[in-house]
Each structure stands twice: as C-alpha cells, then as structure tokens.
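Here are the chains, one letter per residue:
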Amino acid sequence: MELLNVNNSYRYLLDQKEKGCYIELPYNIITSERSELTEKVREWLREFDCSYVLYNNDEAQELLDEISKELENNESLYMPMDGSDDFFIKFTDNVIVHIEAEDEYLGLGEHQTYSCINGLILNEQVTKEEIKEVVEWISKFNK
C-alpha cells in the first residue's frame, strides 16, 4: 500500500463524489452521488459487515500510526496541528482508502480531535474480492 500525493484533497474528494466513485463509511450514510458502482459495492460492504473505525482524542494518532506501519517507503501519517487533513491510501489498483484526521479548536476551550477511515474511492474494475480484502483490513483497526 502506498500513500498517494494529492495536491487539492478537497477538490479531489468532491470530484470522486460527483462521479459516483466514493462510498462513505459507514456505508449506510450517503452524501455523494449514487451510481450503479456504489450501490453494488454497498451491497458487498453489507455482506462482509464492514465496520466503521473512529479513534477520538488521545487515540487519534494511534490509528494513523497503525496505518503508517503498513505503508511502503516508511511513510507516516500525522495529526494536523489545527485543522483537518485527508490521506489517500492506494489499497489496490481499484480501491483507494480515504482517511481523515482532525484536530480543531472549536472555541470556548473545546477541541474536536479524531481520525477515521472515512470512505473508499473505487473504479469500475473493482471486484468483490478486493472489497472483501479491504473490509478485512479495516476490521484490524476496530476496537
């Protein structure tokens, strides 16, 4: 697996959502364009019982560290200093895993700090076996 370098992550995500190539996790929340591809893959995610992975507060960096251990070239994912970052991991040629990390000051002494496996970016060639593999990989991080 490798970390993809995406210059404008917001635009990249928006494009994938508009093209119907993005599935949110949990898969029953739908904020992007529906397509035959996403509906087919949602069925597979249900069949394989894909878990939702969210680490809050002090554990947020822990998830990023665990994912970093599996990346090529000793790449590391880090929590942002104040704001949010999106990371894209090429899982296979047909599946990209979207990871979000946020550490944001909300005001009045409140912070929102978390990291999560937020979604999947797919192409038309994705197979049921690839989805099964990514679900098994995601489940390793479920506490």
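Residues numbered from 1 in each chain as written. Predicted model: local features only at pLDDT ≥ 70, side-chain atom pairs only at ≥ 80, totals over all residues. Heavy atoms only, no water.

Caption draft 1: Looking closely at the overall build of the protein chain. Scanning the protein chain for helices and strands turns up four helices and six strands. Tracing the protein chain from N to C terminus, the helices and strands come up as β-α-β-α-β-α-β-β-β-α. Against the 2.2 N^0.38 benchmark of 15 Å for 143 residues, the protein chain shows a C-alpha radius of gyration of 15 Å, consistent with a compact globule. Expressed along its principal axes, the backbone C-alpha trace of the protein chain runs to roughly 45 × 30 × 30 Å. Relative to its 143 residues, the protein chain shows a buried fraction of 46%. For the protein chain, restricting intrachain contacts to residue pairs at least 6 apart in sequence, the fraction spanning at least 24 positions comes to 55%. Element-wise, carbon and sulfur atoms account for 43% of the exposed surface of the protein chain, whose accessible area totals about 7900 Å². (Helix = DSSP H or I, 4+ residues; strand = E, 2+ residues; numbered from the N terminus. Rg over C-alpha atoms; globule rule 2.2 N^0.38 Å. Buried < 20%, exposed > 50% of the residue type's maximum accessible area, 1.4 Å probe, protein only. Contact = heavy atoms within 4.5 Å. Areas by Shrake-Rupley, 256 points an atom, 1.4 Å probe, with all protein chains shown as cover.)

Caption draft 2: Structural detail: the nonpolar core. If you look at the biggest cluster of nonpolar residues, it comprises 35 residues, and the most contacted ones within it are Leu-45, Ile-117 and Ile-131. Residue assignment for this core shows that the elements contributing at least two residues are helix H2 (36-47), helix H3 (60-68), strand E4 (83-90), strand E5 (95-107), strand E6 (110-122) and helix H4 (128-139). The leading source of residues in this core is H4, at five residues. Formed by five residues, the second largest nonpolar core is a distinct cluster that contains Tyr-22, Phe-88, Ile-96 and Ile-121. (Core = buried A, V, L, I, M, F, W, Y, C linked by side-chain atoms within 4.5 Å.)

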